[in-house]
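Listed below are the residues making up each chain.
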Amino acid sequence: MWEGLVDELLPRFCLGCGVRLEPRGAPLDLCARCAGRLLALDPARSCGGCARPLPEGRLEPPRCLACALRPPPWRRLHALWLYRPPLDSVIAGLKYRRLDYLGARLAVAALAARGGGLRGVERVVPVPLAWGRRLRRGFNQAERVARPLAAGLGASCVEALRRRGGAPQVGRGRRERWRLLEGRGFAPARPEAVRGRRVLLVDDVLTTGATARAATAALAAAGAASVEVLVIAWTPPAPGAGAAEPEGAAP
Ligand SMILES: [Zn+2]
Ligand SMILES: [Zn+2]
């Protein structure tokens, strides 16, 4: 409560352009102009497998040709917004500036946009950070979104995965990132918590999809009945890329 009060009293500035914000009415710390630049992905008009925008959804869930030919390991990918300014500043605020309240507000936005499709989810699992980064940062931004999201869905938030180690991804190319993850990825930390359950995996950003693939594979190995993925920010696949990733990204 105290924390909420402090949030109300401190002056806040738009994460996109720096303009001073009104005390209320800017849930993601964006002014109206910057909030208007967010590009929401319409679930009815984007591929359920890779979130690629489709001219119109003919299948349910809608699938692009690449995903129809080679389905991704998850049952559905829920991607909220295109990863571009000013969304990158919101993600950075959550990740590096410790604006913890953004996690809950992003969860509220996720529930508003996708709540219907997520009804019945039993377990919400944040994608874990590598232990070194977790140590440096002190928290996991995916968990900051996953916990309130689970509460809103009436599901349990469980840290069911652990990283098998691995170098930080920042500054590496897509292919190298994927190569580093291959064969490493994730291990189930609490298989009993997800066995037989409908699981929603949560991460802040999806770029290559390699992380989500490896995490989905670990949840499937732990016996999850189904795995869906929810990401706040989505990067379009590279031109000419397949449904998601190079062959064999899933361990
Ligand atoms: Zn602004
Ligand atoms: Zn697709």
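Everything that follows concerns the structure shown earlier in this document.
Residues numbered from 1 in each chain as written. Chains lettered and ligands numbered in written order. Predicted model: local features only at pLDDT ≥ 70, side-chain atom pairs only at ≥ 80, totals over all residues. Heavy atoms only, no water.

Caption draft 1: Region of the structure containing the overall build of the chain. From N to C terminus, the chain includes ten helices and seven strands. A total of 251 residues make up the chain; the buried ones form 49% of that total. Of the contacts made within the chain by residues no fewer than 6 positions apart, 72% connect residues no fewer than 24 positions apart. (Helix = DSSP H or I, 4+ residues; strand = E, 2+ residues; numbered from the N terminus. Buried < 20%, exposed > 50% of the residue type's maximum accessible area, 1.4 Å probe, protein only. Contact = heavy atoms within 4.5 Å.)

Caption draft 2: Molecular detail of the coordination of the zinc ion (ligand 2). Around the zinc ion (ligand 2), the protein contributes the donor atoms C47 (SG), C50 (SG), C64 (SG) and C67 (SG), at 2.2 to 2.3 Å from the metal centre. Here the zinc ion (ligand 2) binds four donor atoms, and the angle range of 105 to 113 degrees at the metal identifies the geometry as tetrahedral. In the primary structure, the donors to the zinc ion (ligand 2) are separated according to the pattern C-x2-C-x13-C-x2-C. With a gap of 17 residues between them, C47 in the loop between α2 (32-35) and α3 (65-69) and C64 in the loop between α2 and α3 connect regions that are remote in the sequence. With relative accessibility at 1%, the residue C47 sits in the buried group. A residue is classified by how much of its surface remains accessible, and C64, at 7% relative accessible area, is buried. (Donors = N, O, S within 2.8 Å, 3.2 Å for Na, K, Ca; no water. Tetrahedral: all angles 85-135°; square planar, octahedral: opposite > 155°, others 65-115°.)

Caption draft 3: Quick look at the coordination of the zinc ion (ligand 1). Here the zinc ion (ligand 1) is held by C14 (SG), C17 (SG), C31 (SG) and C34 (SG), and the distances to it run 2.2 to 2.4 Å. Each of the four donor atoms around the zinc ion (ligand 1) contributes to a set of angles spanning 103 to 116 degrees, which defines the coordination as tetrahedral. Taken in chain order, the donor set of the zinc ion (ligand 1) reads C-x2-C-x13-C-x2-C. Take C17: its relative accessible area is 42%, and that puts it in the partly exposed class.

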